[in-house]
Amino acid sequence: MADDEGATRRPAAHRARASTRAQLGAGLVLATVAAMFVAPHIASAGEAERQWSPAVKVLDEPFDADGRPSRPPVGGSWSPWASPGVSLTAGEGQLRIDGMGAAASFALTAREAQAADVRVSSTVLAVPTGGAYYAGASARVQPDGRRYALTVVVRPDGEVALVAGRVGPSGTTPLGRTSTSAPLGTPLVIELQATGSDPTVVKARAWADGTTPPAWQLTTDDDSQEEIAGPGGVGVNGYLSRSASDVALSVDSVQAWSLVEGSETGAPVTASPTSDPTTDPTSEPATDPTTDPTTELTTAPTGTTASATAATGATAEPSSTPLPGSSSVGSSSAGPSLSPTDGSTAAGFAHPGIVMSAEQLVFVRSQIAAGREPWTSALARARGSWYARSSWTPRPVALVQCGSRNNPDIGCTAETDDAQAAYTNALLFSLTGERPYADKAIEILDAWSAVLQGHSFDTTLYKNGRLQAAWAGQTFTKAAELVRYSRAGWAPEKVARFEGMLRTAFLPMVRDGWTGGGANWQLSMADATMNIGVFLDDRAVFDDGVGDWRAQVVSAFYLTSDGPQPIPPLGTYVKADYVPTYWFNPLAFVDGQGQETCRDLGHTAMGLGAALNAAETAAIQGVDLYGEQRRRLVAAMEYNSRYLADPSAPGWVCPRPPDAGGTAGALTFEIGLRHYGAQEGLALPSTRAWVERNRPTRSGIFMNWETLTHGS
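Residues numbered from 1 in each chain as written. Predicted model: local features only at pLDDT ≥ 70, side-chain atom pairs only at ≥ 80, totals over all residues. Heavy atoms only, no water.

Observations regarding the sheet that holds strand S5 (residues 105–115)
Move 1: Strand order in the open sheet made by the 7 strands is S2-S5-S14-S7-S8-S9-S10, with antiparallel pairing throughout. Sheet topology places strand S2 (79–82) and strand S10 (171–181) at the edges, where each strand pairs with a single neighbour. Neighbour-to-neighbour, the strand axes of the sheet open up by a mean angle of 15°, direction not taken into account.
Move 2: Note: S5 against strand S14 (residues 232–240), 7 bridges, orientation antiparallel. Residue pairing for S14: Leu 108 is matched across the bridge by Val 236. (Pairing = 2+ DSSP bridges. Helix = DSSP H or I, 4+ residues; strand = E, 2+ residues; numbered from the N terminus. Axes fitted to C-alpha atoms, helices over the stretch in contact; angles between N-to-C directions.)

With respect to the packing of aromatic side chains
Move 1: Under the defined criterion, the tally for this structure stands at 20 aromatic pairs.
Move 2: Aromatic side chains Trp 448 and Phe 476 sit 5.9 Å apart centroid to centroid with 55° between the ring planes, which places their arrangement in the tilted category. In this pair, Trp 448 is assigned in helix H5 (residues 435–451) and Phe 476 in helix H6 (residues 465–484), connecting sequence segments 28 residues apart. No difference in accessibility class separates Trp 448 from Phe 476, as the two residues are buried.
Move 3: Taken together, the ring pairs connect Trp 386, Tyr 387 and Trp 392 into an aromatic cluster. (Phe/Tyr/Trp six-rings, centres within 6.5 Å; stacked < 30°, edge-to-face > 60°. Buried < 20%, exposed > 50% of the residue type's maximum accessible area, 1.4 Å probe, protein only.)

Description of the nonpolar core
Move 1: In terms of nonpolar packing, the biggest core is built from 116 residues, with Phe 476, Phe 506, Trp 549 and Leu 708 touching the most fellow members.
Move 2: With sequence-adjacent residues up to four places away left out, Phe 506 is seen in contact with Glu 415, Leu 452, His 455, Ala 469, Ala 472, Gly 473, Phe 476, Met 501 and Ile 532.
Move 3: Grouped together as the second largest cluster of nonpolar side chains are 30 residues, Val 58, Ala 90, Ala 113 and Leu 240 included. (Core = buried A, V, L, I, M, F, W, Y, C linked by side-chain atoms within 4.5 Å. Contact = heavy atoms within 4.5 Å.)

A closer look at helix H3 (residues 375–383)
Move 1: Those residues of H3 not exposed but buried are Trp 375, Ala 378, Leu 379 and Ala 382. Buried residues of H3, seen end-on, are gathered within an arc of 100° and therefore sit on one face of the element.
Move 2: Those residues of H3 hidden inside the fold are in contact with helix H2 (358–369), helix H4 (412–432) and helix H16 (706–710). (Arc of directions from axis to C-beta.)

A word on unusual backbone geometry
Comment: phi is negative for the bulk of residues other than glycine, and the bulk of peptide bonds are trans.
Move 1: A cis geometry characterises the amide bond from Asn 407 onward to Pro 408, with omega recorded as 10°.
Move 2: With respect to the helices and strands, Pro 408 occurs in the loop between strand S21 (399–402) and strand S22 (409–410).
Move 3: For Phe 63, which is not a glycine, the phi torsion comes out positive at approximately 60°.
Move 4: Mapped onto the elements of the fold, Phe 63 is located in the loop between strand S1 (52–61) and S2.
Move 5: With a phi close to 65°, Phe 584 is a non-glycine residue in the positive phi region.
Move 6: Summarising the element assignment, Phe 584 is placed in the loop between helix H10 (579–582) and helix H11 (601–620).

Describing the state of the cysteines
Move 1: Evaluated as defined, the whole model comprises 2 disulfides.
Move 2: Here Cys 402 is linked by a disulfide to Cys 412, with a sulfur-sulfur distance of 2.1 Å. Since a negative S-S torsion denotes a left-handed disulfide, the Cys 402-Cys 412 link at about -120° is left-handed. Separated by 10 residues along the polypeptide, Cys 402 in strand S21 and Cys 412 in helix H4 bring together distant segments of the chain.
Move 3: Cys 412 gets classed as buried once you look at its relative accessible area, which sits at 0%. (Disulfide = S-S within 2.5 Å.)

Right, dumping it as structure tokens:
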């Protein structure tokens, strides 16, 4: 890293308060009967009012056959999936789910129960304490996992939330939300209906078993390009929140009917048993539990009918509320969004909530269980890495002292390596449930919190002190967040000691940036500050980091709308007349060019990687930094990845040829590509080509295993 000089802290006046969505509590009893109907026909203006009735039963599973569910009397075969330690056992008219501990999930998919218009029915009873149970059902399940999904969240106070969404390769796009109530301890019936195409109309309702079914409580539609218009399989799934106690669950039955248009009357016809499946029913997980069991919709979409919005009541928030999660799509004005609720705290933070959300972890687990790429290869690379070695021994020091290019190197390499090892092991534990990974991550975190007192910094010898603290702070916090909000068993007193280390050894070095830092310094310090704020549940610290990000990102990557030259970075020594020198004297300024592009593309990638990491964390916490700087970040990704891939590409504006500046450029951009490309549907041809060339990515400094965590 180059050595930038300067002296004073940036004034706090620029700090922006980051708004966040209120996190909803979760609760208790549940029984589900899910119904989904889908028919290939052209929708009319009155599509939502059309009536549908059962015609042919395509799935009938009474769970009378003893053993693991495999082949129902009607419907082909099940593809079952469950978290490690969870068992699925059928018999005597019930599916028993044993070992369903906190954060565990299961799913059953009947891929051969194909139907265009389909109703799926299932009854589940769960009585957890201290948290919520999430029941799900799916329709139009495609071979690649796409589907329409309903998640029902039951709270201890009897309130029931229904969340409808479309699940795709990168997560869930919310379609609608509503709420109702049911007596505690009573099985709850839920129904989800999806009919037609262009648009597909999605309806849902929930009621206590044994009472009269109500009218549809939620009606919305999907007319997007990602609409799932054809027939598919059906499925059910469940998830127990991280804050809940272990509990045994049971499912009484699962049924599905294809539908015909007409009033909802008439007895359905049972289809003939299907032929033997052509695939092993256990060869891939069922509908992976990415109906976002750990999230809840907090605002009704524009297309939701009055019955849904009225039922939502006081829990709904205006559509201007910032986007809350990594599965959100578009800007805050684009419509409804999902908000993590499980693991939320009094400060309003969602946990885990640093780069990886609970819903993203569930999604990645399901892709790995299905053997899908690029996640499977990325997991293998992480498992086989140096950082995942069981023999890894942490090397903490009391005072980290780092000179330019780590000369001197007193604990510098040891700290960044140990931080990466801690995160690698924490991530592998979160994805595989294998205990040794958790133990190793805790060992590393505890070793450093027991010894580290601070980081030296001056402008003569220990020039990299602040940057070193940012790098390690970015990565240690990611590791600690995953460990803390899992079943890793991190002792509370050790957690408190780690918190103290963050406040004393890291936060003073990164909060509010530094007057002399370049773009990659400033953005890494902002990212570290935000991460520390999330882990500490400290809203003021998090908001400072968001304010720093907002202040610095506009000076790190240029847009022609900024004026004839880039905006000087706030709170630094750089004034307008010094901007060209600060930007390494380019021949011109063009959209997407970075402050360090003419220095080298590696340092530019570090700054951009930090900016994208921070935007992802902010999204999980309800702040839409992605939307605020969409054009700037997309332009930066496209411009710089173009020259990383092809130094001879036209349009280069620097006095020297492109310099890769090491391997940092090959470690990042996955997070931004997933959000802007996969979720928002933007075309990023240069970024995509560069990312796909480097998959699966490795770990380096604070850019860690991005293909594994955010591949798309």
